[in-house]
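As a plain string of letters, each chain reads:
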Amino acid sequence: MRAGVSLIVRRSLRQHALSTAITAGSVGLACGLVLAVFAIQEQSLRAFTAGPLGFDAVLGARGSQLQLVLNAVFHLETSPGNIPWTLFEAVSENPQVRRAVPYAVGDNYEGFRIVGTTQALFTPEEENASTLRIEEGALFDANRKEAVLGSVVARETRLGIGDAFHPHHGLVFDESARHADEYRVVGVLAPSNTPTDRVIWIPIDGIYRMAGHVLRGNGETYEAAEGTPIPDAYKEVSAVMLALRSPQSGFFLDQMINKQGKVATLAWPIGKVMADLFAKLGWATRVLTLVAYIVVLVASASIVASITNTMNERRRELAILRALGARRRTVAAAIVLEAGTIGALGASLGFLVYAAIFAGARSVVRAQTGV
């Protein structure tokens, strides 16, 4: 009986190869789309809310927490503004803070962000191991025009140890906005699969002294002169990355800075800020999920239509089989097995479709964000 059923199914699939291929293809598209929608949703949420950031909070100018996180952590948004250096020093000395690292932004090279910071970013405490590790070369000297490249920057720009480049003003690459300052590459970071791979790191003092930059840390305009120390009162930073001593420290600083203060904004915890963004965009995911389910229903209907048309064309063949003694159960089994075979072929194809969609989404997200 089994041999007879399988023979009937094989012949039917060969005779209706075109309709079988179309039906299996629609099933594969449906399965792949459903898998891709759920996988991309889960992976994106995990990458943006629980990635190896190395910090718990971001301190910046008064304004949107989301803009602050996107700018300082993911290097995507414009800076909401600057805060005075004295505020950075105050939060650094706060007993609730274990480590504070200042960021100063405003320049780029071929579209890649240039971030001024201190060596503290690359030498964290053991209990809060950083994802930033020098793979080639060395760390920049705080008093020299030196740069450390993220792995993606080094690959895309083809800059290597010893090469020189000129930063460009602003966050969007504009050849006419080129600075006269020349920086030399002294190190390349190991890939971390985080936004830091797409950043060029230089000493924060270099941002202050770059031609055309002015400081307003105390409200007055100050332009640094070559070889002259910059008073702390004039310095300012775009953001401060904070590693806290405990979750309770976050509650304390949130009350002090966000609830009672009016000068700065504390984005804490970073993962929650990004999770809130995904929650606001949840409707888009639900629409994509609905579309995926509709495609599944259409694919299921196409299987039913294909089998129905096949049965109508094979009425005489089935009647002959019944006349020759084939049981009704055998005929029914052949029909079910044929539908199952088409479904299995489509499901297998679905994994290929899923892999293609996911690979495409992965390359786009990584190219735009570094995640």
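Quick note: structure is the one above.
These notes cover the structure that comes with them.

The rules behind the values
- Residues numbered from 1 in each chain as written.
- Predicted model: local features only at pLDDT ≥ 70, side-chain atom pairs only at ≥ 80, totals over all residues.
- Heavy atoms only, no water.
- Phe/Tyr/Trp six-rings, centres within 6.5 Å; stacked < 30°, edge-to-face > 60°.
- Helix = DSSP H or I, 4+ residues; strand = E, 2+ residues; numbered from the N terminus.
- Buried < 20%, exposed > 50% of the residue type's maximum accessible area, 1.4 Å probe, protein only.
- Axes fitted to C-alpha atoms, helices over the stretch in contact; angles between N-to-C directions.
- Parallel < 35°, antiparallel > 145°, perpendicular 65-115°, else oblique.
- Left-handed = near helix turned anticlockwise from the far one by under 90°.
- Contact = heavy atoms within 4.5 Å.
- Nonpolar A, V, L, I, M, F, W, Y, C, P; charged D, E, K, R; others polar.

1. Considering the packing of aromatic side chains
- The full count for this structure, using the stated rule, is 10 aromatic pairs.
- Ring plane angle 70° and centroid distance 5.0 Å describe the contact between F251 and W268, whose orientation is recorded as edge-to-face. Pair noted here: F251 is in helix α7 (residues 247-259) and W268 is in the loop between β13 (264-267) and α8 (270-280), with a separation of 17 residues, a long-range link.
- Residue classification places F251 among the exposed positions, given a relative accessible area of 55%.
- Judged by its relative accessible area of 17%, W268 falls in the buried class.
- Where Y354 meets F358, the ring centres are 5.8 Å apart and the plane angle is 40°; that geometry is what we call tilted. Of this pair, Y354 and F358 are both found in helix α11 (residues 328-369), four residues apart, which corresponds to roughly one turn of the helix.
- Assessed through its relative accessible area of 22%, F358 is described here as partly exposed.
- Here the aromatic residues Y103, F122, F140 and W201 are joined through ring pairs into a cluster of three or more.

2. A look at the packing of helix α3 (residues 65-72) against α8
- At a minimum axis separation of 10 Å, α3 and α8 run at an interaxial angle of 110°. What the angle tells us is that α3 and α8 run roughly perpendicular. The chirality of how α3 crosses α8 is left-handed. Residues Q65, L66, V69 and L70 of α3 form the contact with α8, whose own contacting residues are I270, V273, M274 and L277.
- Residue composition of the contact of α3 with α8, by class: seven nonpolar, one polar and no charged.

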